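What follows is the residue order along each chain.
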Amino acid sequence: MPIWGDRLLAVGSAPVTVPRDPARDAARDELLNAEYHKNDPGILERAVDWIWDHINRAFGDISADGTDGSTGLVLFLIVALVIGAAVWWRLGAPKRTARTDLGVYGADGPRSAAQHRTAAAGHAAAGRWTEAVREQMRALVRALEERTLLDVRPGRTADEAAAEAGRALPEHAAALTAAARTFDDIAYGERTADQAAYQLLLDLDRTLERTRPVLTHAAAPAPPQGGAA
């Protein structure tokens, strides 16, 4: 008996012999075409479907066996934990919510550098490191504004302040960038504040007080063209 794939009928009913293995490979390659699978469920959807299928079977078994409600509740909690773990594995840890940058001074606006330093020291003494870091960074930026190394601009972020100040104080540009990153990570919840973070900003603030800016001098005027008449 002929096997499918061994022979095909060409136009005019002329038999054409086709080896079985190449025909099978061609069919498999065709079925692997992405166009046939673009609407297939994703990994997470298949995992959830698989879990729910097992949930339905488990509750069906419980009902059939006459198991009491407490056992069903325990099973439900276990399944819920499994689903949560699957979602966590697929999507990763929850990301921080989209932040609204109010600038380094927040909604209250700037005070004097001395006032920000006093507030930072008070928070540090009480072990409130997040507040201490915020106020110390504000003190640092405000001091640069008071020295006219930065113009007073509402809404300026810590990153912007660091980039602008780094041009006037190039030897401290990297330290300013690191300070701004520390401030952002702590202010927006990606990092826990500690004494080391506060001390980093305090030391930089004190260093910048003793640093003179690099001034850009205007180019000397070009000599007059031509000689004396």
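Heads up: the structure comes first, above all this text.
Cut-off values and rules
- Residues numbered from 1 in each chain as written.
- Predicted model: local features only at pLDDT ≥ 70, side-chain atom pairs only at ≥ 80, totals over all residues.
- Heavy atoms only, no water.
- Helix = DSSP H or I, 4+ residues; strand = E, 2+ residues; numbered from the N terminus.
- Buried < 20%, exposed > 50% of the residue type's maximum accessible area, 1.4 Å probe, protein only.
- Contact = heavy atoms within 4.5 Å.
- Core = buried A, V, L, I, M, F, W, Y, C linked by side-chain atoms within 4.5 Å.
- Axes fitted to C-alpha atoms, helices over the stretch in contact; angles between N-to-C directions.
- Parallel < 35°, antiparallel > 145°, perpendicular 65-115°, else oblique.
- Nonpolar A, V, L, I, M, F, W, Y, C, P; charged D, E, K, R; others polar.

K.L.:
Mind showing me how you'd approach the overall build of the chain here?
P.N.:
Of the regular secondary structure elements, the chain holds eight helices and two strands. Helices (α) and strands (β) of the chain occur, in sequence order from the N terminus, as β-β-α-α-α-α-α-α-α-α. Relative to its full complement of 229 residues, the chain shows a buried share of 25%. Across the chain, the fraction of contacts at a sequence separation of at least 24, relative to all contacts at a separation of at least 6, is 59%.

K.L.:
What is the right way to look at the environment of E209 in this model?
P.N.:
As for its placement among the helices and strands, E209 is situated in helix α8 (residues 195-209). A relative accessible area of 48% places E209 in the partly exposed class. Each C-alpha atom of the pair E209 and A143 lies 8.1 Å from the other, and the pair is 66 residues apart in sequence. Excluding its chain neighbours within four sequence positions, the residues that come into contact with E209 are R117 and R147.

K.L.:
I'm lost on the nonpolar core in this one. Help?
P.N.:
Note on soluble globular proteins: their nonpolar side chains tend to be buried together. Counting residues in hydrophobic clusters, the biggest one holds 31 residues, and the most contacted among them are M137, V141 and L144. Residue contacts for V141: discarding those within four places in its chain leaves V104, Y105, L150 and A161.

K.L.:
Where do I start with helix α6 (residues 158-168) in this structure?
P.N.:
Residue pairs spaced three or four apart in an α-helix point in one direction, given the helix's 3.6 residues per turn. For α6, the full list of buried residues reads A158, A161, A162, E164, A165, G166 and A168. If you follow the buried residues of α6, they end up packed against α5 (129-146) and α7 (173-187).

K.L.:
I keep staring at the side chain of Q136 and nothing clicks. Help me out?
P.N.:
Considering the arrangement of structural elements, one finds Q136 in helix α5. Setting aside residues up to four positions removed in sequence, Q136 forms contacts with A120, Y198, L201, L202 and D205.

K.L.:
Before we go on, may I ask you to explain the packing of α6 against α7 in this structure?
P.N.:
Each pair of packed helices can be described by the angle between their axes along with the distance between the axes. Orientation of α6 relative to α7, taken along the N-to-C sense of each, is 175°, at an axis distance of 8 Å. Here α7 runs roughly antiparallel to α6, going by the angle between their axes. Across the interface between the two elements, A158, D159, A162, A165 and G166 from α6 touch A173, L176, T177, A180, R181, F183 and D184 from α7. Each residue belonging to the contact of α6 with α7 can be placed in one class, and the counts come to seven nonpolar, two polar and three charged.

Shape descriptors only; they carry no functional weight alone.
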